[in-house]
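# Breakdown of the fold
Residue strings, one per chain:
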Amino acid sequence: IFSTSTSGDSGKIKSWGGFVGVTYPFMDDWIASLLYNRVKVYGKQALDASTMTVHLSYWLARNFKVMAEATADLEKTSPSRSEKTHTGVLGIVLAF
């Protein structure tokens, strides 16, 4: 968990945040991960974040994997935050 205060032209911004995650390898070529992120920005509710990410990777070779990831927005909607944003990614990773 971290906390910070930043001063700029518009005054001070106080915030805190943190994350926790776990990664589990299974069936030799598979890796699953779960990550929770939380950020609170005092006085700027639209910048608050609370997300949960699920990641799954399959290693086809030592330097080649395919992956899928989904992130859910857990933050409540409000007048300053009118909608939730959920995202997903499919990809390949190569290393040479």
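Below, the structure is looked at part by part. Since the model is a prediction, treat every value here as computed from it, not as a measurement.

Another aspect to go through is the side chain of D73. With respect to the element layout, D73 can be found in strand β5 (residues 64-73). D73 sits in the buried class, given a relative accessible area of 6%. A distance of 3.1 Å separates the side chain of D73 from the backbone nitrogen of T85, its partner in a polar contact.

Residues V22, L34 and V54 make up a contiguous nonpolar surface patch of about 250 Å² in total accessible area. Along the chain, L34 turns up in strand β3 (residues 30-41). You can call L34 partly exposed: its relative accessible area is 40%.

A few words now on the side chain of E75. Turning to its location among the elements, E75 is positioned in the loop between β5 and β6 (87-94). The class for E75 is buried, based on a relative accessible area of 11%. Of note is the side chain of E75, whose polar atom sits 3.2 Å from the side chain of R38. Setting aside anything within four residues of it in sequence, one finds E75 in contact with R38, D48, A49, S50, R81 and K84.

Once that is clear, we can look at the packing of aromatic side chains. Ring pairs (aromatic) are described by centroid distance and by the angle formed between their planes. The full count for this structure, using the stated rule, is three aromatic pairs. Measuring from ring centre to ring centre gives 6.2 Å for Y24 and F26, while their planes differ by 15 degrees; the resulting arrangement is stacked. Taking the relative accessible area as the measure of exposure, F26 reaches 26% and is therefore partly exposed. Relative to Y58, the ring of W30 lies with its centre 4.7 Å away and its plane at 45 degrees, an arrangement referred to as tilted. Residue W30 is located in strand β3, and its partner Y58 is located in strand β4 (residues 49-61); the two are separated by 28 residues in the primary sequence. For W30, a relative accessible area of 27% puts it in the partly exposed group. Here the aromatic cluster, defined as three or more aromatic residues joined through ring pairs, consists of Y24, F26, W30 and Y58.

So, how was this worked out
- Residues numbered from 1 in each chain as written.
- Predicted model: local features only at pLDDT ≥ 70, side-chain atom pairs only at ≥ 80, totals over all residues.
- Heavy atoms only, no water.
- Helix = DSSP H or I, 4+ residues; strand = E, 2+ residues; numbered from the N terminus.
- Buried < 20%, exposed > 50% of the residue type's maximum accessible area, 1.4 Å probe, protein only.
- Polar contact = N/O pair within 3.5 Å; in protein donor to acceptor, adjacent residues only side chain to side chain.
- Patch = residues over 30% accessible without salt bridge, like charges linked within 9 Å, V, L, I, M, F, W, Y side chains within 5 Å.
- Areas by Shrake-Rupley, 256 points an atom, 1.4 Å probe, with all protein chains shown as cover.
- Salt bridge = Lys/Arg side-chain N within 4 Å of Asp/Glu carboxyl O.
- Contact = heavy atoms within 4.5 Å.
- Phe/Tyr/Trp six-rings, centres within 6.5 Å; stacked < 30°, edge-to-face > 60°.

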